[in-house]
Structure formats: structure tokens, C-alpha cells
Amino acid sequence: MSFATHAIRVARLARPTRNFSTSLSARYENVLVSRPQPGVALITLNRPKALNALNAAHFKDIASALKEADDDTSVGAMVLTGSDRAFAAGADIKEMKDKSFAEAYASNFLANWEVISKLNKPVIAAVSGYALGGGLELALQADILLVSPSAQLGQPEINLGVIPGGGGTQRLARLIGKSRTMELVLTGRIISADEAEKWGLVSRVVPEDIGVVNAAVQIAATIADKGRVAVAAGKEVVNAAFELSLAEGLRFERRLFHSLFATKDQKEGMTAFAEKRKPEWSHS
Ligand code: DAK
């Protein structure tokens, strides 16, 4: 059986019950929070009338829900998703259209934007429908990005007389190169899920019959089942590849690898392998 076929079977078997807990969501007006599987927090953007456009209140809820899950010791990984029609159609244009420079500058407008990249635990974005402008920039902050066949991704800010401001130019250039990034940023063209996969922008397109959220939850559950210290180290060091030179990155990787020998999970993981049993992580 190929890896892809195996992954599809596993995803089908592990299809989560959509048992959204209202108590977890109660504090948030614009996001739903649930626990589809042990160790997994599912955060769903929920501002459907505006295609999940990200206004200040919405973004505050997203940031708080993610931070809360990151701080929760029972959570090992998070999934961030939107609706079938839109992951998010960008920052809220109506909210920002009349802002002056002084207001934007004095309030440090959208300063909390980099929230995902500052979390310790992995975030998997499950994107269906529109992921435009800030919506794509939010998804690009995730550690793993999955899309459904309906996904439409782009940076259409040029049509509004501005440019991307939430990291799009920099993250896209690193992921898909200069020419493709220039095309997206300068023309505002929206690309399909297949094109995004071909360009290496996303991990994969998940077929409708499996469901992008189900696949993302399955990946999150797999990660949540590992030792948390090693997972955090893996996330930190891969992300460092976007900031450091190769020599610095290799050194950082090696040092973090060395440091994991100070953890109980390293002793347990390697002992369990030698004893031919499943490791029991203490996350310490
Ligand atoms: N903002 C506000 N409302 C939006 C919206 C948006 N981005 N996108 C959609 N809506 C609203 C529509 O106004 C409409 O509301 P009503 O008229 O019903 O009240 C409702 O959602 C449904 O939209 P449509 O009627 O337009 O639906 P369609 O299917 O016809 O079209 C569309 C869907 C996604 C193609 C279209 O809505 C569209 O083009 N939306 C705008 C996409 C866009 O330009 N996005 C980029 C926004 S700028 C930064 C961080 C981030 C950013 C900047 C700085 N820093 C950290 C500094 C991000 C900037 C952006 O994202």
C-alpha cells in the first residue's frame, strides 16, 4: 500500500465526530473552539457574513483562542480552519478603509498579526474557499498548510491600492520564489488549490470525500501523540531555517538535538525502541 493510500485510510478511520463544545467557544464571538480528538484543539473562524474578514475583534478572538490552546497542557497541536466558502477573505477592508496614518501608527494597527508564528505548539491550517490577502497571510503562518479542492489563494491587495502587510511578500518569496510571488503580488491573481500544490505552497490538496479538516485533525492527533518537548524543538528549528544562514541553522539544529538528551522523553523513546515497546511520553 502506498503512503498516500495509507494516509487516506487512516484519515477515514480517524474521522472526528463534529462534536463542537459550546462551552469552549462561549467566550468568543467570532471563533468556535472544540476538541475533535484528544490533544487536539480545533479553532474555527466564524464570521460567515463577511467571509471571515478579519476585523480587530475577530483577530483578537483568534489570537486569544490560539494562545489559550498553546498554554493548555492537555493540547498537543491546533487546527485552524474557516468555513467551506472562506478560510478568510482578508483583513476587514470596511474597518480599515478610513484609517489615517496617525491612527494606524499610534495604535500599532494589526501589531498582533504574527500570533501563530510565536506559538510553541504546531498549528495546522485547513483551508477551503477563499484565503485572500490577510487570510492567506494568516494561513502562511501555520506550520502545516492543507487545502481542499475549493481553495482559492491570493494577495489581491494591489486592487485596493496597497500591498500585502501581514508577511505575504516575504513568506511567499521564500516558499515559491521571486517570479511567482511577484506575479501574485503585482497582478492580484488568485490561484487554485492545484496550482498552490504544484508551486509547493501547501502540503497537499485533500479530496472532498476525506475532508480537509478531518485530514488536518488527523495530523494534529498524530503530533499530539508525540513527546511535546521534541515537537516544540522540531517546530522551532524548522522555523529557524527561514531566519538563519545554513551554517547557523545547522549549528542550532545540532545544539537542540544535543539538548534533547537532557529530557526524560529521549531516554524513554530510545529505551522503548530497544525494548521493542511503545514509548510512554512524560513530556519532560
Ligand atoms: N473585508 C470586509 N468585508 C468583506 C471582505 C473583506 N476583506 N471580503 C468580503 N467581505 C464581505 C463583502 O463586503 C460582503 O458583505 P455584504 O456586502 O454582504 O455586507 C460579504 O463579505 C460577501 O462578499 P461578496 O458579496 O463580495 O462575495 P463574492 O462571492 O461576490 O466575492 C470575494 C467574494 C472574496 C472574491 C470578494 O468578497 C472580495 O474580493 N473580497 C475582498 C478580498 C480582498 O481584497 N482581500 C484583501 C484585503 S486587504 C497587516 C496584516 C494584514 C493585512 C494588512 C496589514 N499588518 C500586520 C500590517 C491584510 C490586508 C488585507 O487582507
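Residues numbered from 1 in each chain as written. Predicted model: local features only at pLDDT ≥ 70, side-chain atom pairs only at ≥ 80, totals over all residues. Heavy atoms only, no water.

The protein chain has the name Probable enoyl-CoA hydratase, mitochondrial in an unreviewed UniProt entry, where Boletus reticuloceps is given as its organism. The Sequence similarities (unreviewed entry) field of the UniProt record for the protein chain holds the comment "Belongs to the enoyl-CoA hydratase/isomerase family." (UniProt positions renumbered as here; feature names shortened; annotations may be inferred.)

A. Seen up close, the site of the ligand. In the vicinity of the ligand there are 24 residues, among which Arg 85, Ala 89, Ala 91, Lys 94 and Gly 134 approach most closely. Here an oxygen atom of the ligand and a backbone polar atom of Ala 91 are 2.7 Å apart. Contact between the ligand and Lys 94: an oxygen atom at 2.8 Å from a side-chain N or O atom of the residue. Burial of the ligand by the protein chains amounts to 64% of its free accessible area of 1100 Å². At the level of elements, helix 4 (93–96), strand 6 (130–132) and helix 6 (134–140) are the ones that each hand at least two residues to the shell around the ligand. At three residues, helix 4 tops the list of elements feeding residues into the shell around the ligand. Across the shell around the ligand, the residue classes break down as 13 nonpolar, five polar and six charged. (Near = heavy atom within 4 Å. Polar contact = N/O pair within 3.5 Å; in protein donor to acceptor, adjacent residues only side chain to side chain. Areas by Shrake-Rupley, 256 points an atom, 1.4 Å probe, with all protein chains shown as cover. Helix = DSSP H or I, 4+ residues; strand = E, 2+ residues; numbered from the N terminus. Nonpolar A, V, L, I, M, F, W, Y, C, P; charged D, E, K, R; others polar.)

B. Structural context of the packing of aromatic side chains. Scanning all chains against the criterion turns up three aromatic pairs. An angle of 10° between the planes, with centres 4.5 Å apart, marks the rings of Phe 59 and Trp 113 as stacked. With Phe 59 in helix 3 (residues 56–71) and Trp 113 in the loop between helix 5 (101–106) and strand 5 (123–127), the pair connects residues that are 54 residues apart, well separated along the chain. Residue Phe 59 shares its accessibility class with Trp 113, and that shared class is buried. Ring geometry for Phe 257 against Phe 261: centres 5.3 Å apart, planes inclined by 70°, an arrangement best described as edge-to-face. Taking the relative accessible area as the measure of exposure, Phe 257 reaches 48% and is therefore partly exposed. We note Lys 99 situated over the ring of Phe 109; from NZ or CZ to the ring centre the distance is 4.9 Å. (Phe/Tyr/Trp six-rings, centres within 6.5 Å; stacked < 30°, edge-to-face > 60°. Buried < 20%, exposed > 50% of the residue type's maximum accessible area, 1.4 Å probe, protein only. Lys NZ or Arg CZ within 6 Å of the ring centre and 35° of its normal.)

C. Structural context of a nonpolar patch on the surface. On the surface, a nonpolar cluster with roughly 370 Å² of combined accessible area is contributed by Ile 158, Ile 163, Met 182 and Leu 186. Relative to the helices and strands, Leu 186 is located in helix 8 (residues 178–187). (Patch = residues over 30% accessible without salt bridge, like charges linked within 9 Å, V, L, I, M, F, W, Y side chains within 5 Å. Salt bridge = Lys/Arg side-chain N within 4 Å of Asp/Glu carboxyl O.)

D. Molecular detail of the pairing of strand 3 (residues 77–81). The buried fraction of strand 3 is high, at five of five residues. Of the two faces of strand 3, both are covered, the one formed by Ala 77, Val 79 and Thr 81 as well as the one formed by Met 78 and Leu 80. Relative to strand 3, strand 2 (residues 40–45) runs parallel, the two being bridged by five bridges. Note on strand 3: the bridge partner recorded for Leu 42 is Val 79. Running through helix 3, the crossover from strand 2 to the neighbouring parallel element strand 3 is right-handed. Relative to strand 5, strand 3 runs parallel, the two being bridged by four bridges. Residue pairing for strand 5: Val 79 is matched across the bridge by Ile 124. (Pairing = 2+ DSSP bridges. Right-handed = clockwise from strand over helix to strand, strands pointing away.)

E. Here's a closer look at the nonpolar core. Ile 43, Ile 62, Leu 66, Met 78, Leu 80, Val 127 and Leu 138 are the most contacted members of the largest nonpolar core, which has 45 residues in total. Tallying contributions element by element places helix 3 first for this core, with six residues. Excluding its chain neighbours within four sequence positions, the residues that come into contact with Leu 80 are Ile 43, Leu 45, Ile 62, Phe 87, Ile 116, Val 123, Ile 124, Ala 125, Ala 126 and Leu 138. Within the second largest apolar cluster, 19 residues are counted, among which are Leu 146, Val 213, Val 217 and Ile 223. (Core = buried A, V, L, I, M, F, W, Y, C linked by side-chain atoms within 4.5 Å. Contact = heavy atoms within 4.5 Å.)

F. View of the pattern of salt bridges. Tallied over the full model, the rule gives 11 salt bridges. Here Lys 67 makes a salt bridge to Asp 71, at a shortest N to O gap of 3.0 Å. Placement of both Lys 67 and Asp 71 in helix 3 is noted, with a separation of four residues, approximately one turn of the helix. One salt-bridge network, held together by shared partners, links Glu 183, Arg 189 and Glu 195.

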